[in-house]
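# Commentary on secondary and tertiary structure
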Amino acid sequence: MAENTVALTETEHHQPTLLGLEAEGWVYVGLTIFLLLAIFVGKAPKRIADALDARIAETRRQLDEAKAIRAEAEALLAKAKAQQAASAGDAQAILAHAQVEAGDIIAEAEKTATELTARRARMAEDKIAAAERSAIAEVRARAAEAATGAAARLIAEQHDAKADKALVDNTIAGLNRVH
C-alpha cells in the first residue's frame, strides 16, 4: 500500500507548460531577451560615437593633407625664389596659385568637417530623443497596467454581494425616477 501512495504522488506532481516550456524555462527566455535588448541599446550610442569619431578622424586627415599640400606649395615657392634670376614673374604666379589652391582646399575641408559634425550631432540627438520618447511611452504603459491591476484588486476586495445589491437597488431606483 505504501508503494501505491508513492506512485500516486509522483504522477500528481506535474507543472503546466506553455509551448513546451515550464515556468522556469520562460523565466530564462525572458531574461535572455532582456539581456539582448540591454546589450543592443547599450551599444547603440557607442556605435554612433565611433562613427562620428571615424568621420572626424577622416576630416582631420584631409586637413593634414591640405596642410601638407600647403607646405609643399611653400617648398615650391622657396625653389622658385632660388631660380628667381631666370623668372621673377613666374615665381610670383606660382606662389599666388599655390596659396589660392591651398586656401581653397583648407576652406573646403573645414566647411565639410563643420557640416558633417553638425549633421552627425543632429542625428545623434534625434536618436536619443526617439529613445527617450520610447522609454517614456513604455513607463506610461506600465504605470497604466499597474493602476488597472490595483483598481481591479481594490474593487474585488471591497465589493461583495451586499455592496453589489445596494448598487443595483440604487440604479433601479434611479431608473424608476426617470420613467
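Here the structure is a predicted model, which means the values were calculated and not measured.

Here the focus is the overall build of the chain. On a plain count of helices and strands, the chain comes out with four helices and zero strands. In the chain, the succession of helices and strands from N to C terminus is α-α-α-α. Within the chain, the fraction of its 179 residues that count as buried is 8%. Across the chain, the fraction of contacts at a sequence separation of at least 24, relative to all contacts at a separation of at least 6, is 63%. Only carbon and sulfur atoms are counted for the fraction: they give 62% of the accessible area of the chain, which is about 14700 Å².

The next thing to look at is a negative patch on the surface. There is a patch of like negative charges on the surface, built from E101, D104, E108 and E115. Positionally, E108 belongs in helix α3 (residues 88-158). The partly exposed category is assigned to E108, whose relative accessible area is 45%.

Here we take up a nonpolar patch on the surface. Residues L18, L19, L21, W26, V29, I33 and L37 make up a contiguous nonpolar surface patch of about 660 Å² in total accessible area. What makes L18 exposed here is its relative accessible area of 54%.

All chains considered together, the criterion is met by six salt bridges. Residues R61 and E65 are paired through a salt bridge, measuring 3.0 Å at the closest nitrogen-oxygen approach. Within this pair, R61 and its partner E65 are both found in helix α2 (residues 23-82), separated by four residues, close to a single helical turn. Taking relative accessible area as the criterion, R61 reaches 41% and is therefore assigned partly exposed. Among the residues examined, E65 registers a relative accessible area of 43% and is labelled partly exposed.

Moving on to the confidence of the model for the chain. On average, residues of the chain carry a pLDDT of 82, and 87% of them reach 70 or more. Taken together, the stretch residues 5-9 has pLDDT below 50 and engages in zero contacts with residues farther than four places along the chain or on a different chain.

All right, on to the environment of A78 then. Tracing the sequence through the fold places A78 in helix α2. According to the relative accessible area criterion, A78 is partly exposed, its value standing at 47%. The spacing of A78 and L95 is 17 residues in sequence and 9.3 Å in space, taken between C-alpha atoms.

Here we take up α2. Taking 1.5 Å as the rise per residue, α2 with 60 residues should run 88 Å; its terminal C-alpha atoms sit 88 Å apart, in good agreement. Of all bends in α2, the biggest is about 30 degrees, found at A44, and the proline P45 comes one to four residues later. Within the sequence span of α2, burial applies to G25, T59, A66, A73, L77 and A80.

Attention now moves to the side chain of T59. With respect to the secondary-structure elements, T59 resides in helix α2. Polar contacts involving the side chain of T59 include one to the main-chain carbonyl oxygen of R55, which spans 2.9 Å. Setting aside its immediate chain neighbours within four residues, T59 contacts A109, A113 and L116.

Calculation rules
Residues numbered from 1 in each chain as written. Predicted model: local features only at pLDDT ≥ 70, side-chain atom pairs only at ≥ 80, totals over all residues. Heavy atoms only, no water. Helix = DSSP H or I, 4+ residues; strand = E, 2+ residues; numbered from the N terminus. Buried < 20%, exposed > 50% of the residue type's maximum accessible area, 1.4 Å probe, protein only. Contact = heavy atoms within 4.5 Å. Areas by Shrake-Rupley, 256 points an atom, 1.4 Å probe, with all protein chains shown as cover. Patch = residues over 30% accessible without salt bridge, like charges linked within 9 Å, V, L, I, M, F, W, Y side chains within 5 Å. Salt bridge = Lys/Arg side-chain N within 4 Å of Asp/Glu carboxyl O. Lys, Arg positive; Asp, Glu negative; His and termini not counted. Charge placed at Lys NZ, Arg CZ, Asp CG, Glu CD. pLDDT = per-residue confidence, 0-100. Expected span 1.5 Å × (residues − 1). Bend = angle between axes of the 7 residues up to and from the residue. Polar contact = N/O pair within 3.5 Å; in protein donor to acceptor, adjacent residues only side chain to side chain.

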